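Residue strings, one per chain:
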Amino acid sequence: DRDGTLVFVEVRSRRSPDHGGAAATVGSSKQHSLVFAAQHFLLRFATLPPCRFDVVAIDAGRVEWLRGAFELG
């Protein structure tokens, strides 16, 4: 981000919202996987930058960007 925050973005899509929207597919298990991958990536930094997890949800062509969709831990 412009303020120096490192942003990890998960992009999810659904053709139809019949079984919940795309954002709903980023449950606790998926969040755990994303945090694990981010922690591994962050090992290369001597000083950790501020980080944020965003989700871009695409539902039947409608795009929604959820900034700070979830927190670490």
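The following paragraphs examine the structure supplied in this document. All of these numbers come straight from a predicted model, not from anything done at the bench.

### Points about the nonpolar core
- Ranked by size, the top nonpolar core spans 9 residues in total: Phe8, Val26, Leu34, Val35, Ala38, Leu42, Phe53, Val55 and Phe70.
- Per-element accounting of this core gives the leading share, 4 residues, to helix α1 (residues 28-42).
- The contacts of Val26, once residues within four sequence positions are left out, are Glu10, Arg12, Gln31, Leu34, Val55 and Phe70.

### What about the packing of aromatic side chains?
- One pass over the full model with this rule turns up 4 aromatic pairs.
- Both rings, one in Phe8 and one in Phe53, keep their centres 5.4 Å apart while their planes meet at 20°; by these two values the pair is stacked. Here the residue Phe8 occupies a position in strand β1 (residues 6-14), and Phe53 occupies one in strand β2 (residues 51-59), the gap between them amounting to 45 residues. For the pair formed by Phe8 and Phe53, the shared burial category is buried.
- Put simply, the rings of Phe8, Phe41, Phe45, Phe53 and Phe70 touch in pairs and so form one group of aromatic residues.
- In this structure, Arg67 packs its charged tip against the face of Trp65, placed 4.1 Å from the ring centre.

Cut-offs and rules
- Residues numbered from 1 in each chain as written.
- Predicted model: local features only at pLDDT ≥ 70, side-chain atom pairs only at ≥ 80, totals over all residues.
- Heavy atoms only, no water.
- Core = buried A, V, L, I, M, F, W, Y, C linked by side-chain atoms within 4.5 Å.
- Buried < 20%, exposed > 50% of the residue type's maximum accessible area, 1.4 Å probe, protein only.
- Helix = DSSP H or I, 4+ residues; strand = E, 2+ residues; numbered from the N terminus.
- Contact = heavy atoms within 4.5 Å.
- Phe/Tyr/Trp six-rings, centres within 6.5 Å; stacked < 30°, edge-to-face > 60°.
- Lys NZ or Arg CZ within 6 Å of the ring centre and 35° of its normal.

Function-wise, these values are silent; they only describe arrangement.
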